[in-house]
Amino acid sequence: MSGADLRHIDTWLFDLDNTLYPAETGFMKLIEVRMTDFVERRTGLPRDEARALQKKYWTELGTTLAGLMTHHDVAPEEFLDEVHDVSLDLLEPDARLIAALERLPGRRLIFTNGSGPHAERVLEKLGIAELMEDVFHIASADYLPKPARSTFEKMSAALRVDPRGAAFFEDSEKNLAPAADLGMTTILVGLNAPANTAPFVHHRTDDLAGFLSSARVKETAA
């Protein structure tokens, strides 16, 4: 069977966490625990309430950090440095994904609500740092996270991305809506992706490496 027709794509834009590695690794859970630790300590709330507040900020504002900056005067680098200081042992290079990324014509970029140093560590551990041309991280966005449309516009300007020729891969449905509005081709990634019915999601996969390997892409000169 033919894969997705992505022959119009020359810019491959990837979210990082739970997209370029499966959520099932449990790696992000390590970070989320440290987020709860931070919120609990900074607010003085009982742990269950701190966890609920953490999730409320993520749901309403795009990141826990956005809520902490707005309501608790938290310095962003203090938070990011602490929560991303976790072991990378749960992550391993995926030969299938590496091969699938290597076959993509054009530019490969990262667009993450995480920090730049975090992105560098994860990409190196996954063995794909050299395959990525650039990273647009949360500091690049002046700490205004996806799904803010202005952050997509800022990313597109900074990295010279023409949305009409860009494919955006994400594990979070809400972050694909502004991408589609701007004219990007959107791909939802993750175990629950195949059941998704959002009209702004153009493709869905629970196997990123398989999706990229089977996709029809632009022919390049040998």
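Quick note: structure is the one above.
Quick look at the structure, then. (Residues numbered from 1 in each chain as written. Predicted model: local features only at pLDDT ≥ 70, side-chain atom pairs only at ≥ 80, totals over all residues. Heavy atoms only, no water.)

Quick notes on unusual backbone geometry
Here Lys-146 and Pro-147 are connected by a cis peptide whose omega angle stands at 15 degrees. Topologically, Pro-147 is positioned in the loop between strand 4 (134–136) and helix 7 (149–159). For Asp-73, which is not glycine, the phi dihedral falls at a positive 55 degrees. Tracing the backbone shows Asp-73 in the loop between helix 3 (64–72) and helix 4 (76–83). Asp-73 sits in the exposed class, given a relative accessible area of 71%. Although it is not a glycine, Asp-142 adopts a positive phi angle of roughly 55 degrees. Turning to its location among the elements, Asp-142 is positioned in the loop between strand 4 and helix 7. (Helix = DSSP H or I, 4+ residues; strand = E, 2+ residues; numbered from the N terminus. Buried < 20%, exposed > 50% of the residue type's maximum accessible area, 1.4 Å probe, protein only.)

Brief notes about helix 3
Taken together, the buried positions of helix 3 are Thr-64, Leu-65, Ala-66, Gly-67 and Leu-68. The elements touched by buried residues of helix 3 are helix 1 (27–43), helix 2 (47–61) and helix 4. Backbone geometry just after helix 3 places Asp-73 at a positive phi near 55 degrees. (Contact = heavy atoms within 4.5 Å.)

Let's talk about the nonpolar core
By size, the foremost hydrophobic cluster in this structure holds 52 residues, and its most contacted members are Phe-14, Leu-20, Phe-169 and Leu-212. When residues of this core are assigned to their parent elements, the largest contribution, 6 residues, is made by helix 1. The residues touching Phe-169, leaving out its near neighbours within four places in the chain, are Trp-12, Leu-13, Phe-14, Asp-15, Thr-19, Ile-187, Val-189, Leu-208, Phe-211 and Leu-212. Listed in part, the 19 residues of the second largest apolar core include Ala-141, Met-155, Ala-179 and Val-201. (Core = buried A, V, L, I, M, F, W, Y, C linked by side-chain atoms within 4.5 Å.)

A word on the sheet that holds strand 6 (residues 185–189)
In spatial order, the strands read 4-3-2-5-6-7; together these 6 strands make up an open sheet with parallel pairing. Here the strands that pair on one side only, and so sit at the sheet edges, are strand 4 and strand 7 (203–205). When the angles between neighbouring strand axes are averaged without regard to direction, this sheet yields 20 degrees. With 3 bridges joining them, strand 6 and strand 7 adopt parallel strand pairing. Paired with Leu-188 across the two strands is Arg-204, which belongs to strand 7. Together, strand 2 (11–14), strand 3 (107–111), strand 4 and strand 5 (166–170) form the strand contacts of helix 7, whose direction differs from that of strand 4 by roughly 155 degrees. (Pairing = 2+ DSSP bridges. Axes fitted to C-alpha atoms, helices over the stretch in contact; angles between N-to-C directions.)

Some words on helix 1
For helix 1, built from 17 residues, the straight-helix expectation of 24 Å at 1.5 Å per residue is met to within 8% by its first-to-last C-alpha distance of 25 Å. Residues of helix 1 that are buried: Phe-27, Met-28, Ile-31, Glu-32, Met-35, Thr-36, Phe-38 and Val-39. Looking at the buried side of helix 1, the elements it contacts are helix 2, helix 3, helix 4 and helix 6 (116–126). (Expected span 1.5 Å × (residues − 1).)

Some thoughts on the pattern of salt bridges
Here the structure, examined in full by the defined rule, presents 16 salt bridges. For Glu-32, the salt bridge identified is with Arg-51, shortest N-O distance 3.8 Å. Note that Glu-32 is positioned in helix 1 and Arg-51 in helix 2, a separation of 19 residues in sequence. Using a relative accessible area of 31% as the deciding quantity, one classes Arg-51 as partly exposed. Note that Asp-142 and Lys-154 form a salt bridge whose closest N and O atoms lie 2.7 Å from each other. With Asp-142 in the loop between strand 4 and helix 7 and Lys-154 in helix 7, this pair connects stretches of sequence that are 12 residues apart. Overall, Asp-142 belongs to the exposed group, its relative accessible area being 54%. Overlapping salt bridges bring together Asp-15, Lys-146 and Glu-170 as one network. (Salt bridge = Lys/Arg side-chain N within 4 Å of Asp/Glu carboxyl O.)

In short, the description is geometric, and any link to function would need to be established separately.
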